[in-house]
Amino acid sequence: MSISLDIGGTWTRVSSGVRLRTEPSYDNQLARLAEAVPRATAPVGVSFGGRVTAAGTVRVALNLRDYEGRPLGADLSALLGVAVRVAHDATCGLVGEALAGALQGFERCGYLTLSTGVGAALRLGGVWLTTEVGHQLVAGNPLPCDCGQTGCLQTLTGGGALRRRLGRPLESVDDQAFWAAYAESLALGVANFALAAGLEAVAVGGAVALGRPALWPLLQAALARVLTYQRVVVLPARLGEHAPLAGAARLWTLPADAVLH
Ligand SMILES: [Zn+2]
């Protein structure tokens, strides 16, 4: 049986249809997966909410700090009895959208996910590259970020940072002025992302974007004001919250060295 996994900061999804809360403890998570994941007979692709090495060891996971330094790929391979490839969830979202979603046909394209944090990855032809676009520095922004820097885009557009600052979840905020300012910050971030790599298209996904359709006209209007030099198609992720899982399922169709973690 061919299966794939999406281990996010809050939820873990298995392609068999199982969804469970991600355990903050790495060892507890492995124990839960041992119970919940069906037996695999083919190599497994895994989307993870953090940066990993090519071998699948967790380098940085701001929302799952107990996972840092742990050999996730090797441990899952031992658990499932098959070979495992792990990639950042934004990279998996990009693979999903590029091969089966909104970014089909674009050789130079990017995927930006707005959820607890802000993740992004880009495709340049046959190269799939994880980026740190969420931690690009915004001029005049004095807010400290979880990463240790001051002024990151994530402090203005990440669900976790905004929840702490506003004292309530982002999905409960209906203030028009707030979302207009949010769209302005996001538009600059998307524009810089696209301009830095000369992208033709950017798909935006993640729970924050997908849960608020009213953000789209605000974002498109803000982009039209700032992004006038180069035409960039900006569109919603068509696979929705399933984009990372769809990409994880396709990781093994790519050459191993095509993904730069
Ligand atoms: Zn940061």
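Scoring rules and cut-offs
- Residues numbered from 1 in each chain as written.
- Predicted model: local features only at pLDDT ≥ 70, side-chain atom pairs only at ≥ 80, totals over all residues.
- Heavy atoms only, no water.
- UniProt positions renumbered as here; feature names shortened; annotations may be inferred.
- Helix = DSSP H or I, 4+ residues; strand = E, 2+ residues; numbered from the N terminus.
- Expected span 1.5 Å × (residues − 1).
- Polar contact = N/O pair within 3.5 Å; in protein donor to acceptor, adjacent residues only side chain to side chain.
- Axes fitted to C-alpha atoms, helices over the stretch in contact; angles between N-to-C directions.
- Parallel < 35°, antiparallel > 145°, perpendicular 65-115°, else oblique.
- Left-handed = near helix turned anticlockwise from the far one by under 90°.
- Contact = heavy atoms within 4.5 Å.
- Nonpolar A, V, L, I, M, F, W, Y, C, P; charged D, E, K, R; others polar.
- Donors = N, O, S within 2.8 Å, 3.2 Å for Na, K, Ca; no water.
- Tetrahedral: all angles 85-135°; square planar, octahedral: opposite > 155°, others 65-115°.
- Buried < 20%, exposed > 50% of the residue type's maximum accessible area, 1.4 Å probe, protein only.

An unreviewed UniProt entry lists the protein chain under the name ROK family protein, with Dactylosporangium vinaceum given as the organism. Recorded under Sequence similarities (unreviewed entry), the UniProt text for the protein chain is reproduced unchanged: "Belongs to the ROK (NagC/XylR) family."

Undergrad: Quick question: what am I supposed to make of helix H6 (residues 176-197) here?
TA: With 22 residues, H6 should reach 32 Å at 1.5 Å per residue; the first-to-last C-alpha distance of 32 Å fits that figure. A distance of 3.2 Å separates the backbone nitrogen of Ala 177 from a side-chain oxygen at the start of H6, and that oxygen is part of Asp 175. Gly 198 occupies a position one or two residues after H6 and carries a positive phi of about 60°.

Undergrad: What's the story with the packing of H6 against helix H8 (residues 215-226) in this structure? I'm lost.
TA: Axes are the key here: two packed helices are described by the angle between their axes and the distance separating the axes. The N-to-C vectors of H6 and H8 enclose an angle of 50°; their axes lie 8 Å apart at closest approach. Here H6 is positioned oblique relative to H8, judged by the angle of their axes. For the element pair H6 and H8, the recorded crossing hand is right-handed. Contact with H6, carried on its side by Trp 179, Ala 180, Tyr 182, Ala 183, Glu 184, Leu 186, Ala 187, Leu 188, Val 190 and Ala 191, involves Leu 215, Leu 218, Leu 219, Ala 222, Leu 223, Arg 225 and Val 226 of H8 and no other residues of that element. Of the residues contributing to the contact of H6 with H8, the split by class is 15 nonpolar, no polar and two charged.

Undergrad: Teacher, can you tell me more about the coordination of the zinc ion here?
TA: Ideal donor angles around a metal are set by the shape: a four-donor tetrahedron calls for 109.5 degrees, a six-donor octahedron for 90 or 180 degrees. Coordination of the zinc ion by the protein involves His 135 (ND1), Cys 145 (SG), Cys 147 (SG) and Cys 152 (SG), with metal-donor separations of 2.0 to 2.3 Å. Because the angles between the four donor atoms bound to the zinc ion fall within 106 to 117°, the donor set is best described as tetrahedral. Within one chain, the residues serving as donors to the zinc ion are arranged as H-x9-C-x1-C-x4-C. A residue is classified by how much of its surface remains accessible, and Cys 147, at 32% relative accessible area, is partly exposed.

Undergrad: I keep staring at the environment of Arg 123 and nothing clicks. Help me out?
TA: Residue placement: Arg 123 occurs in strand S9 (residues 118-124). The exposure class assigned to Arg 123 is buried, which follows from its relative accessible area of 13%. For the pair Arg 123 and Ala 187, spaced 64 residues apart in sequence, the C-alpha separation works out to 20 Å. Beyond its immediate stretch of four places on either side in the chain, Arg 123 contacts Leu 94, Ala 98, Phe 106, Glu 107, Arg 108, Cys 109 and Trp 128. A distance of 2.8 Å separates the side chain of Arg 123 from the backbone oxygen of Gly 125, its partner in a polar contact.

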